[in-house]
Amino acid sequence: MVGIKELVDILGDNISLNKCRIVCLADIVVGLMICKTVNLKKLSLTKRAGVKPESCYRRMQRFFSDTEMDFKSLAVFLLSLFIPNEEKVYLTLDRTNWQYGQKNINILMLGVVYQGIAIPVIWTLLDKKGNSNTKEREDIINTFSQIFGADRILGLLADREFIGKEWFEYLNNKGIKFVIRIKANTIVPNTRGELLQVSRMFSDLKIGEYRKIPNTRKVWDTTVFLSALRLSDGNLLILATNVKLESALDLYKHRWEIETLFGCLKGRGFNFEETRITDSDRVGRMVAVLAIAFVWAHKTGEWLCKNVKEIKIKKHGRRAVSIFRYGLDVLTQACLDLQSCDIQFSQWCKMLK
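The following paragraphs examine the structure supplied in this document. (Residues numbered from 1 in each chain as written. Predicted model: local features only at pLDDT ≥ 70, side-chain atom pairs only at ≥ 80, totals over all residues. Heavy atoms only, no water.)

Remarks on the overall build of the protein
Applicable threshold: Working definition: helices are DSSP H or I runs of at least four residues, strands are E runs of at least two. Numbering for both runs from the N terminus. As a reference, a globule follows 2.2 Å times the number of residues to the power 0.38, and the radius of gyration itself is taken over C-alpha atoms. A simple rule labels every residue: compare its accessible area, found with a 1.4 Å probe on the protein chains alone, to the largest value its type can have, and call it buried under 20%, exposed over 50%, or partly exposed in between.
For the protein, the count of helices and strands is 12 helices and 11 strands. Here the C-alpha atoms of the protein give a radius of gyration of 22 Å, agreeing with the 20 Å that 2.2 N^0.38 yields for 353 residues. Dimensions along the principal axes, computed over C-alpha positions, put the protein at roughly 80 × 45 × 40 Å. Within the protein, the fraction of its 353 residues that count as buried is 54%.

Written out as structure tokens, the structure reads:
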């Protein structure tokens with residue numbers, strides 16, 4: 001078939017795998033578009049003509065158990081679809097985790113901020129339950145720097161998990177600008193040098209109010225600028241940044257893009273949590289496959305918005321559907337009609353070029 005060959009060729013040009021593995025990868029990606037699940041039993045039912053589901057299932061199992069993927073070349077491929085070479089980027093770091101039986105599936109993900117959604121580039125599996133430690137965070141940033149160059153990092157956006165003395169020192173020493181939310185009970189000095197919980201500096205803020213502290217403070221021995229917003233639930237969103245910004249809040253809002261990405265990989269897209277794979281290496285390969293499927297759907301949605309029809313904007317100011325979902329729905333139909341609309345499928349494959 002012309003269409004599936006086009007997909008195989010594009011993936012083969014960008015991912016270092018032998019032909020049989022590339023064909024299997026293409027089949028899995030097409031299956032994801034159709035089934036919208038990572039459950040291998042269900043994916044095996046989307047087999048091509050002449051292939052038994054049992055054989056397809058075993059091939060997929062072998063792909064995730066045995067394939068040695070070049071994650072560095074994959075990262076370059078994923079980012080190049082959206083960001084021109086050498087263009088500087090903001091990074092966002094977050095973690096998603098769940099349990100299957102007694103096994104914890106805990107993924108630390110580094111994404112690139114991009115027009116309302118994060119592009120997945122680097123991830124690692126944490127063989128434990130709970131937060132990442134400083135070394136794990138350093139390793140993922142170092143990996144990005146090795147692949148793309150440290151000078152491409154405009155800054156890092158992260159939530160309250162990603163705090164601490166060694167971590168702030170690392171970012172400072174690397175010259176990485178950061179905007180990180182800190183906990184309300186973090187101890188900082190006031191103008192008289194007295195130690196108090198940082199929330200007391202913003203105790204008078206009303207809901208919806210945002211304020212910056214004009215002078216720097218020391219947080220875990222790192223000099224930072226502090227600002228805060230009173231949220232609708234009454235809690236404070238307190239930000240620390242190691243450089244002076246016009247509005248740290250406007251920049252920090254982009255951190256939510258990685259949450260949107262997780263939603264696309266999970267319930268709003270490919271139902272990642274339905275996987276029965278628990279081995280860390282295999283889950284890492286599954287993330288790689290999901291990343292390919294995600295960028296294909298999002299690129300397709302972008303093209304449709306630009307060349308076919310814009311997504312309707314509702315009264316609340318948000319799109320009726322996301323760009324990702326727009327592209328995913330079109331690709332789902334194309335994959336379902338692969339036998340009869342082979343040439344059209346081939347055209348959609350070009351979104352990955």
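Still more to cover.
Points about unusual backbone geometry
Here the phi dihedral of Glu 86 falls at roughly 80 degrees; this positive angle occurs in a residue that is not glycine. Here Glu 86 lies in the loop between helix H5 (71-80) and strand S1 (89-100). Taking the relative accessible area as the measure of exposure, Glu 86 reaches 62% and is therefore exposed. A positive phi is found at Trp 220, a non-glycine position, where the angle reads about 50 degrees. Note on placement: Trp 220 falls in the loop between strand S9 (217-219) and strand S10 (222-230).

Quick look at helix H7 (residues 165-173)
Basically, it comes down to this: The arc in question is traced by the directions running from the helix axis to the C-beta atoms.
Along H7, the residues that are buried comprise Trp 167, Phe 168, Tyr 170 and Leu 171. Down the axis of H7, the buried side of the element spans an arc of 155 degrees, and every buried residue falls inside it.

Side note on a positive patch on the surface
Formally: Residues with no salt bridge and a relative accessible area higher than 30% make up the patches, which join like charges within 9 Å and nonpolar side chains (Val, Leu, Ile, Met, Phe, Trp, Tyr) within 5 Å. Method for areas: the Shrake-Rupley scheme with a 1.4 Å probe, in which residue coverage is limited to the protein chains shown. Whenever a carboxyl oxygen of Asp or Glu lies within 4 Å of a side-chain nitrogen of Lys or Arg, that contact is scored as a salt bridge. Residues scored as positive are Lys and Arg, those scored as negative are Asp and Glu, and His as well as the terminal groups of each chain are ignored. Where a charge lies is defined by one atom per residue type, namely NZ (Lys), CZ (Arg), CG (Asp) and CD (Glu).
On the surface, Lys 309, Lys 312, Lys 314 and Lys 315 cluster together into a patch of positive charge. Structurally, Lys 312 is set in the loop between helix H10 (280-307) and helix H11 (323-336). With relative accessibility at 61%, the residue Lys 312 sits in the exposed group.

Regarding the layout of surface pockets
Applicable threshold: Buriedness of a pocket was judged along seven lines, with at least five required to meet protein on both sides within 12 Å; pockets are open sets of points on a 1 Å grid over the protein atoms alone, cavities are sets where a 1.4 Å probe fits but cannot get out, and lining residues have an atom within 4 Å of a point. Grid points are joined across faces, edges and corners, and a volume is the space filled by probe spheres set on the points. Amino acids outside the nonpolar list (Ala, Val, Leu, Ile, Met, Phe, Trp, Tyr, Cys, Pro) and the charged list (Asp, Glu, Lys, Arg) are all regarded as polar, and Gly is one of them.
Its volume calculated, the largest pocket comes out at about 320 Å³. At the level of secondary structure, the elements contributing two or more residues to the lining of the largest pocket comprise H5, strand S3 (117-125), helix H6 (134-148) and H10. Looking at the lining of the largest pocket element by element, the count peaks at 5 residues for S3. Split by residue class, the lining of the largest pocket holds 7 nonpolar, 5 polar and 4 charged. Lining of the second largest pocket is provided by 13 residues; of these, Gly 116, Ile 117, Thr 260, Ser 322 and Ile 323 occupy positions nearest its centre. Mapped by element, the contributors of at least two residues to the lining of the second largest pocket are helix H9 (256-265) and H11. Residues belonging to the lining of the second largest pocket are distributed by class as follows: 5 nonpolar, 5 polar and 3 charged.

Looking at empty space enclosed by the protein
Applying the stated criterion to the full structure yields 1 cavity of 30 Å³ or more. Empty space within the largest cavity amounts to approximately 50 Å³. If you go around the largest cavity, the residues you meet are Lys 103, Asn 104, Ile 105, Asn 106, Leu 125, Leu 126, Asp 127, Lys 128, Thr 278, Ser 280 and Val 283. Of all the elements in the fold, those that place two or more residues in the lining of the largest cavity are strand S2 (103-114) and H10. Broken down by element, the lining of the largest cavity gets its largest block of residues, 4 residues, from S2. Tallied by class, residues from the lining of the largest cavity come to 4 nonpolar, 4 polar and 3 charged.

Regarding H6
The condition that has to hold: Take the residue count of a helix, subtract one, and multiply by 1.5 Å to get its expected span. Should any heavy atoms of two residues lie within 4.5 Å, those residues are counted as being in contact. Polar contact criterion, stated in full: a pair of N or O atoms within 3.5 Å, where within protein one must be able to donate a hydrogen and the other to accept it, and residues adjacent in sequence count only if both atoms are side-chain atoms.
Under the 1.5 Å per step criterion, the end-to-end length of H6 is 21 Å for 15 residues, consistent within 8% with the ideal 21 Å. Of all the residues in H6, the buried ones are Thr 134, Arg 137, Ile 140, Ile 141, Phe 144, Ser 145 and Phe 148. For H6, the buried positions fall inside an angular range of 140 degrees around the axis, keeping them on one side. Opposite the packed face of H6, turned more than 90 degrees from it, sit the exposed residues Lys 135 and Gln 146. Each element contacted by the buried residues of H6 is listed here: H5, S1, S2, S3, strand S4 (153-158) and H7. The distance from a side-chain oxygen at the start of H6 to the backbone nitrogen of Lys 135 is 3.2 Å, and the residue carrying that oxygen is Asn 133. Trailing H6 by a residue or two, Gly 149 shows a phi angle of about 100 degrees, which is positive.

Here we look at a negative patch on the surface
Together, Asp 66, Glu 68, Asp 279 and Asp 281 give the surface a local cluster of negative charge. As for its placement among the helices and strands, Asp 279 is situated in the loop between H9 and H10. Residue class for Asp 279 comes out partly exposed when judged on its relative accessible area of 38%.

Description of the packing of helix H2 (residues 19-35) against H10
Each pair of packed helices gets described by two things: the angle between the helix axes and the distance between those axes. Quick note on the threshold: Interaxial angles span 0 to 180 degrees and are taken between N-to-C directions of axes, which are lines fitted to C-alpha atoms, for helices over the stretch in contact. Note on angle classes: values under 35 degrees are labelled roughly parallel, values over 145 roughly antiparallel, values of 65 to 115 roughly perpendicular, and the remainder oblique. Crossings are assigned a handedness: left-handed for a near helix turned anticlockwise from the far helix by less than a right angle, right-handed for a clockwise turn.
Taken N-terminus to C-terminus, the directions of H2 and H10 make an angle of 60 degrees; their axes are 10 Å apart at the nearest point. By the angle between their directions, the pair H2 and H10 is classed as oblique. Regarding H2 and H10, the two cross each other, and that crossing is right-handed. Every residue of H10 that contacts H2 at Leu 25, Ile 28, Val 29, Leu 32 and Met 33 is listed here: Val 289, Leu 290, Ile 292, Ala 293, Trp 296 and Ala 297. Split into classes, the residues belonging to the contact of H2 with H10 amount to 11 nonpolar, no polar and no charged.

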